[in-house]
Amino acid sequence: MKRIRRAHLVTTAAVLGAGWLALPGTALAQTELVFVWHAGTCADILVEISRDYPDQNVRIVPALVPYGPEWHNKIASEFAIKGQGFDFAMWDSQSTAEFAGGGHAYSVNEIFDRSDYLSPDLFAPAALAQYGEYPDGSGKYWGLPVNMDAYGFMYRKDLFENPDEQAAFKARFGYDLAPPQTYQQARDMAEFFTRPDQGLYGWGQMGGRDYDFATTASNSFMWSFGGELYNPQTFEVKGYLDSPASIDGVKAYVDMFKFGPPGSGNWGWDEVNAAFQQGSLAMAMQWYYFNGSNADPAVNPKAEVTGFGNLPGAVGRDGKFRRQFSVGGQGMGVNGYSQKIDALIKFMEWYFQPAQQARYAAVCQTGLKAVLDSPEWQQLNSYNRHFARAFQYTNDYWHLPEYAILLDELQEEVSNAISGKKTVAQALADAAARNERTLEMAGYTITRSATLPEVPDQLITPVGTDAVVALPFD
Amino acid sequence: MARDPGLPPRRLPRELSDRMLCGLFVLPTLGVLLVMVAYPFLSLLYYSTLSFSLLRPGQAPRAMGFGNYTMLLTDPALWERFVFTGKFVVLTVTVQMLLGILIAYFLQRDFRGRDIVFTLFMLPMMLCPIVVGFLWRYMFNSEWGIINVMMAAAGLGKLDWLGIADNALVAVVIADAWMWTPFVILLATAAFRGIPVNIREAARIDGASPAFVFFRVTLPLSAPILAIALLLRLIDAFKQYDLFFAMTGGGPGNETMTVSFELGKIAFRYFYTGLASALAVLMLVIIVGLAMVFVRRLTLAAEER
């Protein structure tokens, strides 16, 4: 019996030992560079391109999550434990402050110093600043513009170019039917095309409570009407986020849900795409990221009659015209705890060559200047030339480490305004109060201004023009 | 006492005694329990007294005492989360228990194809909750979701299921009930079939109606198992996260945000680690308290019988 027992112990030890030796970490393997991103065509094309990386000992491994809070949380959780679960990640531009501020991201300036090829000159300066710089204007970079994006506009050309529709519109509103240059025009056109009995609605936009669904859209309206999220010098939120101009903008945004299908107040990008592709929408605001699929007849039955362009602007209460919309896309950041920085820099030197980026840009939007400036890329499809222009008009959330909290608070309050639980003015006032509390808890000193602006854009990087600056559409 | 020099010198035993062997085998489990349960729990208690963020290691933790608990318990928004969670728990568990018992009543009998029907009923429970959430999110889509398409076809018109707070609550209750009623069916069927046939037959011979037999014989005899089903469903519903995450995102506004959702948000979106730890402790107290009350009542009921 005792002999049997001893034999069992020896066998158990042998099995455990064999198991230990079989663990992946104990065997020699090729270098795997793991990246986190949200699942989608851009991540897929990155993986596809990486298969041609000349050093076959290096493998690029995707760790993808659905678009939304889980994507941010996956990166943040790994940083919180100072983990090496991934080597690089594509994170939203506004997350740079959070991850770099926490000391988790590897300095891109360091990469520039260590590389013979990678340098700031390779990228459009605005893109490099937007996707990687923290603090703003410091010249310290924490990400490379790997996937640029901006809020865009799409519309049904067959409706807008229909002579009967054009005549009816002119008779009703007194001016020509054409893709809108202002949100005031967009409202008229949305109202005109809203015909529930025909299953047609004028306007589609995101309004969901998830992640940044509602606020990327509402901010685009708010900035265009001259509003601001806060004053980055004094850290005041009250008086800026709930300024009369900000309220005008968010009211205009909430108002547009009247011209969307019932229930569109909780839509995400998926629902906007689906409704447009089913022919239920005359116009929609949507990220450029999705133009590839919306221009593809295999995905969008209305692709042949879908036109693209930039979002409208607005004439604010000060009479100035502004066109401002949310920047999207991601920078490529490097995990400061990764043990494979050398191999990663070598891969980045290869990946950011024009040949690889041209392949990438055929599907998604690169930040590499050589590709963006090339006529081949600009003429590749009907929307690239609009996208090349879009970055003059983009704006972003707070570039502060507390971004995720500020965002969630604003999302909640804008969602309250959409559902009608609160008026727009009340929702923005509550959001401003909560944002200020968050900033104070994080140690910011809020300096109160003697007077508060009616149109905050006049104080903070003014962009208003006296006349409407029209942009072309396809 | 001096050792007898005539005795052979003391040596370590060459073979392990049964007691030592048991100890050796239990040791890894004890180790795992200490590492996986005791250490995290004590850490949780400690963290709940600090103000700090795991994501901002540069900022030194600040001792708060019971400050985090005070902040949470005096926050009206959190009380709203508790009230909403309570509403959800009562609604969903009531629906699941009633439906589960009703369906189990029919499934307790033997009929042709019963096993197939029973297996079909069990299927939703086997699915991943987040998948169920997205599935129902699309089915409840106001424009092209199957629910509204069917309602429109029946002349009932379309409902904004997920954009209006009350409708969203009903929608999530439907999804949760679809997924977890099978659990009640499983336990209730087992309980009903476990009752000796002669008891029910005796009642019938005495002239009892089927309703009388069900309410006065079947239900009382199944009560302990049904109470366990109720307890497990209450605890699980209280912790519900996935369905709200997938279907409503906590919205509109914050109107469908459960306490678990709030906890996940504070812990992994805000990374207020100290505050999240305090909320986790509060939830633990509620769940353990609930379980203790139930177990005590069950024990008393068993003793009375």
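Residues numbered from 1 in each chain as written. Chains lettered and ligands numbered in written order. Predicted model: local features only at pLDDT ≥ 70, side-chain atom pairs only at ≥ 80, totals over all residues. Heavy atoms only, no water.

**Here we look at the overall build of chain A**
Summing up its helical and strand segments, chain A has 20 helices and 11 strands in all. The dimensions of chain A, computed from C-alpha atoms along their principal axes, are 100 × 55 × 55 Å. With 474 residues in all, chain A has 59% of them scored as buried. The contacts in chain A between residues at least 6 apart in sequence include a share of 75% that link residues at least 24 apart. In the form shown here, chain A has an accessible surface area of approximately 18,100 Å², with 54% of it arising from carbon and sulfur atoms. Computing the positive centroid from 36 side-chain charges and the negative centroid from 54, chain A places the two 7 Å apart. (Helix = DSSP H or I, 4+ residues; strand = E, 2+ residues; numbered from the N terminus. Buried < 20%, exposed > 50% of the residue type's maximum accessible area, 1.4 Å probe, protein only. Contact = heavy atoms within 4.5 Å. Areas by Shrake-Rupley, 256 points an atom, 1.4 Å probe, with all protein chains shown as cover. Lys, Arg positive; Asp, Glu negative; His and termini not counted. Charge placed at Lys NZ, Arg CZ, Asp CG, Glu CD.)

**Overview of the domain arrangement of chain B**
All names here are of chain B. If you check the domain split of chain B, you get domain 1 (18–63) and domain 2 (75–304). The centre of domain 1, based on its C-alpha atoms, is set 32 Å off from the matching centre of domain 2. Counting residues at the interface gives 11 residues for domain 1, matched by 11 residues for domain 2. Contact between domain 1 and domain 2 buries roughly 800 Å² in total, counting both sides, with carbon and sulfur atoms accounting for 72%. (Domains from an automatic or database assignment. Buried area = accessible area lost by both parts, 1.4 Å probe.)

**Focus: the interface of chain B and chain A**
Counting from both sides, the interface comprises 36 residues of chain B and, opposite them, 45 residues of chain A. Both faces combined, the contact of chain B with chain A buries some 3,500 Å², and carbon together with sulfur accounts for 51% of it. Counting the contacts that link chain B with chain A gives five salt bridges. Seen at the junction of chain B and chain A, the total is 11 residue pairs in polar contact (both at pLDDT 80 or more). Elements with a contribution of two residues or more to the side of chain B that touches chain A: α1 (18–47), α5 (129–139) and α11 (259–268) of chain B. If one sorts the elements of the side of chain B that touches chain A by residue count, α1 of chain B sits on top with three residues. (Salt bridge = Lys/Arg side-chain N within 4 Å of Asp/Glu carboxyl O. Polar contact = N/O pair within 3.5 Å; in protein donor to acceptor, adjacent residues only side chain to side chain.)

**Notes on the packing of aromatic side chains**
This structure, assessed with the given rule, holds 65 aromatic pairs over all chains. Ring centres of Phe79 of chain A and Trp91 of chain A lie 5.9 Å apart, and the angle between their planes is 75°; this geometry places the pair in the edge-to-face category. Taken as a pair, Phe79 of chain A in helix α3 (residues 69–80) and Trp91 of chain A in strand β3 (residues 88–92) lie far apart in primary sequence, 12 residues in all. Trp91 of chain A shares its class with Phe79 of chain A; the two are buried. Judged by centre distance (4.8 Å) and plane angle (50°), the ring pair of Phe140 of chain B and Trp161 of chain B falls under tilted. With a gap of 21 residues between them, Phe140 of chain B in the loop between α5 and α6 (146–153) and Trp161 of chain B in the loop between α6 and α7 (165–194) connect regions that are remote in the sequence. (Phe/Tyr/Trp six-rings, centres within 6.5 Å; stacked < 30°, edge-to-face > 60°.)

**A word on the state of the cysteines**
Residue and element names in this part refer to chain A. Counted under the stated rule, the structure contains one disulfide over all chains. Shown here is the disulfide that connects Cys42 with Cys364, its sulfur atoms set 1.9 Å apart. Handedness of the Cys42-Cys364 disulfide follows from its S-S torsion of about -105°: it is left-handed. Remark: Cys364 occurs in the loop between α15 (354–361) and α16 (369–372) and Cys42 occurs in helix α2 (residues 41–50); sequence separation between them is 322 residues. Per residue, the accessibility class of Cys42 equals that of Cys364, and both read buried. (Disulfide = S-S within 2.5 Å.)

**Brief notes about the nonpolar core**
In summary, soluble globular proteins display a tendency toward joint burial of nonpolar side chains. Counting residues in hydrophobic clusters, the biggest one holds 152 residues, and the most contacted among them are Trp203, Tyr351 and Trp398 of chain A. Phe82, Leu169, Ala188 and Val259 of chain B belong to the second largest nonpolar core, which has 67 residues in total. (Core = buried A, V, L, I, M, F, W, Y, C linked by side-chain atoms within 4.5 Å.)

**What to know about the environment of Asp176 of chain B**
Residue and element names in this part refer to chain B. When you line up the elements, Asp176 lands in helix α7. For Asp176, a relative accessible area of 0% corresponds to the buried category. In this structure, the C-alpha to C-alpha distance between Asp176 and Gly23, residues 153 residues apart in sequence, is 44 Å. Excluding residues within four positions of it along the chain, Asp176 makes contact with Phe88, Thr92, Gln96, Thr181, Arg233, Gln240 and Leu243. At 3.0 Å, the side chain of Asp176 and the side chain of Gln240 are in polar contact.

**A word on unusual backbone geometry**
Residues Tyr134 of chain A and Pro135 of chain A are joined by a peptide bond in cis, for which omega reads -10°. On the secondary structure map, Pro135 of chain A appears in the loop between α6 (125–132) and β4 (144–156). Cis peptide bonds are those with omega within 30 degrees of zero, and the linkage from Gly251 of chain B to Pro252 of chain B qualifies with 0°. In this fold, Pro252 of chain B is placed in the loop between α10 (242–247) and α11.

**Comments concerning the domain arrangement of chain A**
Residues and elements named next belong to chain A. Each domain of chain A was delimited in the assignment, giving domain 1 (27–149 + 327–395) and domain 2 (150–326 + 400–458). Inter-centroid distance (C-alpha atoms) of domain 1 to domain 2 is 27 Å. Across the boundary between the two partners, domain 1 contributes 31 residues, which contact 23 residues of domain 2. Across the domain 1 to domain 2 interface the summed buried area is about 2,400 Å²; carbon plus sulfur atoms make up 59%. At the boundary of domain 1 with domain 2, the tally comes to zero salt bridges. At the boundary of domain 1 with domain 2, the tally comes to 12 residue pairs in polar contact (both at pLDDT 80 or more). At the level of secondary structure, the elements contributing two or more residues to the side of domain 1 that touches domain 2 comprise α2, α3, α4 (96–101), β4, β10 (325–334), α18 (384–390) and β11 (394–395). Ranked by residue count, the leading element in the side of domain 1 that touches domain 2 is α18, at four residues. Its residues assigned to classes, the side of domain 1 that touches domain 2 comprises 13 nonpolar, 14 polar and four charged. (Nonpolar A, V, L, I, M, F, W, Y, C, P; charged D, E, K, R; others polar.)

**Re the environment of Gly265 of chain A**
All names here are of chain A. Residue position: Gly265 is located in the loop between α11 (244–255) and α12 (269–277). Judged by relative accessible area, which is 23%, Gly265 ranks as partly exposed. With 59 residues separating them along the chain, Gly265 and Met206 place their C-alpha atoms 7.1 Å apart. Discounting residues that sit within four places of it in the chain, Gly265 has contacts with Gly207, Gly208, Phe257 and Ile418.

**A short note on a nonpolar patch on the surface**
All names here are of chain B. A cluster of nonpolar side chains, contributed by Val32, Leu33, Leu34, Val35, Met36 and Val37, occupies part of the molecular surface with about 590 Å² of accessible area. Within the secondary structure, Val37 is located in helix α1. Among the residues examined, Val37 registers a relative accessible area of 49% and is labelled partly exposed. (Patch = residues over 30% accessible without salt bridge, like charges linked within 9 Å, V, L, I, M, F, W, Y side chains within 5 Å.)

**Observations concerning the pattern of salt bridges**
All names here are of chain A. In the structure shown here, the tally under the stated rule is 35 salt bridges over all chains. Taking the shortest distance from any N to any O, the salt bridge between Arg156 and Asp158 comes out at 2.9 Å. The partner of Asp474 in a salt bridge is Arg385, and the shortest N-O contact between them spans 2.9 Å. Of this pair, Asp474 sits in the segment after α20 (424–441) while Arg385 sits in helix α18; the two residues are 89 residues apart in sequence, bridging distant segments of the chain. Looking at Asp474, the relative accessible area reads 22%, which means it is partly exposed. Given a relative accessible area of 33%, Arg385 falls into the partly exposed group.

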